[in-house]
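Structural characterization, general
For reference, the chains in residue letters:
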Protein chains: 2
Amino acid sequence: MLHEEVVGRIRAILLDGEITPGARIPERELCDRLQISRTPLREALKVLAAEGLVQLLPHRGSRAAKLTDKDVRDLFEVCQGLEALAGELACERITDAEIDAIAAAHADMVRHHREGDLIQYYRGNRAIHEAIVTAAGNPALVALYASVTARIRRARYVTPMTPQRWAFAVKEHEAILNALQRRDGAGLSHILRAHLRHKREEVLQAGFAETEGNDLALRIA
Amino acid sequence: MLHEEVVGRIRAILLDGEITPGARIPERELCDRLQISRTPLREALKVLAAEGLVQLLPHRGSRAAKLTDKDVRDLFEVCQGLEALAGELACERITDAEIDAIAAAHADMVRHHREGDLIQYYRGNRAIHEAIVTAAGNPALVALYASVTARIRRARYVTPMTPQRWAFAVKEHEAILNALQRRDGAGLSHILRAHLRHKREEVLQAGFAETEGNDLALRIA
DNA sequence: TTTTACATTTTTGAATGCAAAATTATCGAT
DNA sequence: ATCGATAATTTTGCATTCAAAAATGTAAAA
């Protein structure tokens, strides 16, 4: 197994929440599971620690990183900056075909909302945000965005949702699509920031902080 | 030696250009020099590869990463986004004392310009940009900014400079300080972006691309 | 002389081994 | 029984070792 694959597998395990934030990372167990020895596993853990997904405690092993409210606030703030930049650049560079693809994804997402399928809604939602960032045509930005959003993924996509907020988020997404179709960079940038600011408030209000025994589950209302 | 220290030492070696971009990283030699074995060294190299400073080639060892023109363009673009965000946040949160410190650093920098001391000028310049980012009060942003600027440090601070451009950059910095003192977030954000856009154009025009035998040296004119 | 096949050496990537540190268990004193 | 000290165990971090891959060198054939 290649180094990057090991990193990816462990990252997935962490993002899935299979190892709860704050919990010790069972080295031996992961070695058995991935069929590798401790050396490549530990290399991967150091990389994930640099990404902020793992916390290394000298002589005490590694734990799945835990986010405080402040962390969530900060990361959302950075995410706003990155998406705002992506929005502006995307409007300069996006092709008609890419816009059409995003419009289609948007339509799907709206359908998932109508049908009340939150999981599929979130999946589509994420795809749209990622498509906009990709359309900016800046791989460095894509990589950074991926790393920041990974850290707040659980906060962003595993948070309770009221029907009101959900409907409002869909409205915002209509404005996002609209700005993109008009290639209104400043407008798109502005909407994306507001959209994320609202999401952040929801998350913080829901009391996201990953303290012990905060068992997040995907649910509506 | 602690893991983080190893990473830091090697990062410094790379940023100093002691290992030329594109050159193979001499594992054995670094082990001897840092008095560590290959295991911790390789852990550090993987981390630096994730940061973009090192390129890992499977079964062929690691090299100091080389930047293409496109990389420089992309990274400056991201840097613009981050500094713009930092500027806005800083204006909301910066204290009077912090502004005074930046004003003092600015005065120093202007003096270095008058005296024609490019190295000291760049040093002060960097300190100001970093102080603004720090004043945003967002550690996640600081970390990301550090990682992006590290990758373009050599491009940003080791590039020829004409007297005209230098004088213009100083003028821009006056506007930056002014916006900060007025706590004009939108204005500061705008100026920072323009400032970086200009810097990027200089760098690209100077033909920065780290191809073989591009021996960058700090010089004026 | 140039090229190609093969052997040798070096380097890489990962498993194992080992000492130091931390954790857990055990036992005696209160 | 509870607390604290000490011993046993586990875990960590790193050096070393080993197999596989790549690079290098050598020699024969074109």
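Each chain has its residues counted from 1, running along the sequence as written. Chains carry letters from A onward and ligands carry numbers from 1 onward, assigned in written order. Only residues with pLDDT of at least 70 get local features here, since the model is predicted, and only at 80 or more are side-chain atom pairs given and counted; chain-wide, interface and lining totals rely on the full set of residues. Excluding hydrogens and water, the side-chain figures rest on all heavy atoms present in the structure.

1. What to know about the pairing of strand β2 (residues 61-64) of chain A
Residue and element names in this part refer to chain A. Note the threshold: Exposure categories follow from relative accessible area, calculated using a 1.4 Å probe and restricted to protein chains: below 20% of the type maximum is buried, above 50% is exposed, and the middle band is partly exposed. A run of H or I in DSSP counts as a helix once it spans at least four residues, and a run of E counts as a strand once it spans at least two, with each numbered from the N terminus. Pairs of strands are assigned from DSSP output, requiring at least two bridges between the strands.
Residues Ser-62 and Ala-64 of β2 are buried on one face, while the alternating residues Gly-61 and Arg-63, pointing to the opposite face, are not. As judged from the 4 bridges shared by strand β1 (residues 54-57) and β2, these two strands associate in the antiparallel manner. Its bridge partner being in β2, Leu-56 is matched across the sheet by Ser-62. Counting the residues between successive antiparallel strands, the hairpin from β1 to β2 contains 3 residues, one of them, His-59, with a positive phi of roughly 65°.

2. Overview of the nonpolar core
The tendency in soluble globular proteins is for nonpolar side chains to be buried as a group. Selection criterion: Throughout, nonpolar core names a set of buried Ala, Val, Leu, Ile, Met, Phe, Trp, Tyr and Cys residues whose side chains join them through atoms within 4.5 Å. Note on contacts: a residue pair is in contact if any heavy atoms of the two residues lie within 4.5 Å.
Grouped together as the largest cluster of nonpolar side chains are 44 residues, with contacts concentrated most on Leu-82 and Leu-141 of chain A together with Leu-82 and Leu-141 of chain B. Elements with a contribution of two residues or more to this core: α4 (69-93), α7 (139-157) and α9 (185-205) of chain A together with α4 (69-93), α7 (139-157) and α9 (185-205) of chain B. Residue contacts for Leu-82 of chain A: discarding those within four places in its chain leaves Leu-141, Leu-144, Tyr-145 and Val-148 of chain A together with Leu-82 and Leu-144 of chain B. Of all hydrophobic cores here, the second largest spans 43 residues; its members include Ile-10 of chain A together with Val-7, Leu-15 and Leu-48 of chain B.

3. Points about the interface of chain B and chain A
The cut-off we apply is this: In short, buried area is how much 1.4 Å probe accessible area vanishes from two parts on joining, totalled over both. For salt bridges, the criterion is a side-chain nitrogen of Lys or Arg within 4 Å of an Asp or Glu carboxyl oxygen. Residues adjacent in sequence count toward polar contacts only when both atoms are side-chain atoms; beyond that, a polar contact is any pair of N or O atoms within 3.5 Å, and within protein one must be able to donate a hydrogen and the other to accept it. Put simply, Ala, Val, Leu, Ile, Met, Phe, Trp, Tyr, Cys and Pro go in the nonpolar bin, Asp, Glu, Lys and Arg in the charged bin, and everything else, Gly too, in the polar bin.
Taken residue by residue, the interface counts 26 residues in chain B and 26 residues in chain A. It is Glu-43, Lys-46 and Glu-77 of chain B in chain B that bury the most area against chain A; as a group they hold 23% of the surface buried on that side. Two residues, Glu-77 of chain B and Arg-93 of chain A, come together in a salt bridge whose shortest N-O distance is 2.8 Å. At the surface where chain B touches chain A, the tally comes to 10 residue pairs in polar contact (both at pLDDT 80 or more). At the level of elements, α3 (38-51), α4 and α7 of chain B are the ones that each hand at least two residues to the side of chain B that touches chain A. When its residues are assigned to classes, the side of chain B that touches chain A shows 13 nonpolar, 4 polar and 9 charged.

4. Some thoughts on helix α2 (residues 27-34) of chain A
Residues and elements named next belong to chain A. Threshold: In this context, the arc is that of the directions from the helix axis out to the C-beta atoms.
Taken together, the buried positions of α2 are occupied by Glu-27, Leu-30, Cys-31 and Leu-34. Summarising the axial view, the buried residues of α2 lie within an arc of 105°, below the 170-degree limit, and thus occupy one face. Within α2, the exposed residues directed more than 90 degrees away from the buried face are Arg-28 and Glu-29. Structurally, α2 contributes buried residues whose contacts are with α1 (3-15) and α3 (38-51). Gln-35, located one to two residues past α2, shows a positive phi value of around 60°.

5. Quick notes on the packing of α4 of chain A against helix α6 (residues 118-135) of chain A
The axes of two packed helices give the description: the angle between them and the distance between them. Residue and element names in this part refer to chain A. Which entries qualify depends on this criterion: Note on method: axes are straight lines fitted to C-alpha atoms, helices fitted across the in-contact stretch only, with angles between N-to-C directions ranging 0 to 180 degrees. Our angle categories are set so that under 35 degrees counts as roughly parallel, over 145 as roughly antiparallel, 65 to 115 as roughly perpendicular, and the remainder as oblique. We call a crossing left-handed when the near helix sits turned anticlockwise from the far one by less than a right angle, and right-handed when that turn is clockwise.
Between α4 and α6, the shortest axis-to-axis distance is 7 Å and the interhelical angle comes to 60°. In this view, α4 runs oblique relative to α6, as classed from their interaxial angle. Handedness of the crossing formed by α4 with α6: left-handed. Contact with α4, carried on its side by Glu-83, Ala-86, Gly-87, Ala-90 and Arg-93, involves His-129, Ile-132, Val-133 and Ala-135 of α6 and no other residues of that element.

6. Regarding the protein's contact with DNA strand D
Convention followed: Here a residue is considered near a molecule or strand provided that any single heavy atom belonging to it is located within 4 Å of it.
As a matter of local geometry, DNA strand D sits amid 15 residues, with Arg-24, Arg-38, Arg-42 and His-59 of chain A together with Ser-37 of chain B nearest to it. In the interface set of DNA strand D, defined as its atoms within 4 Å of the protein, sugar plus phosphate atoms amount to 68%. Between DNA strand D and Arg-42 of chain A, the relevant distance is 2.9 Å, taken from a phosphate oxygen to a side-chain nitrogen or oxygen of the residue. Contributing elements (two or more residues each) for the surface near DNA strand D: α3 of chain A together with α3 of chain B. Looking at the surface near DNA strand D residue by residue, the class counts come to 5 nonpolar, 5 polar and 5 charged.

7. A short note on the relation of the copies chain B and chain A
As a reminder of what qualifies: We place the copies in one frame by least squares, fitting the C-alpha atoms of every residue whose pLDDT is at least 70 in both.
Superposition of chain B onto chain A requires a rotation of 180° combined with a translation of 0.0 Å along the rotation axis, giving an RMSD of 0.0 Å. What we have between these two chains is a two-fold relation. Comparing interface residues between copies, 100% of those in chain B also lie at the interface in chain A; the contact surface is shared.

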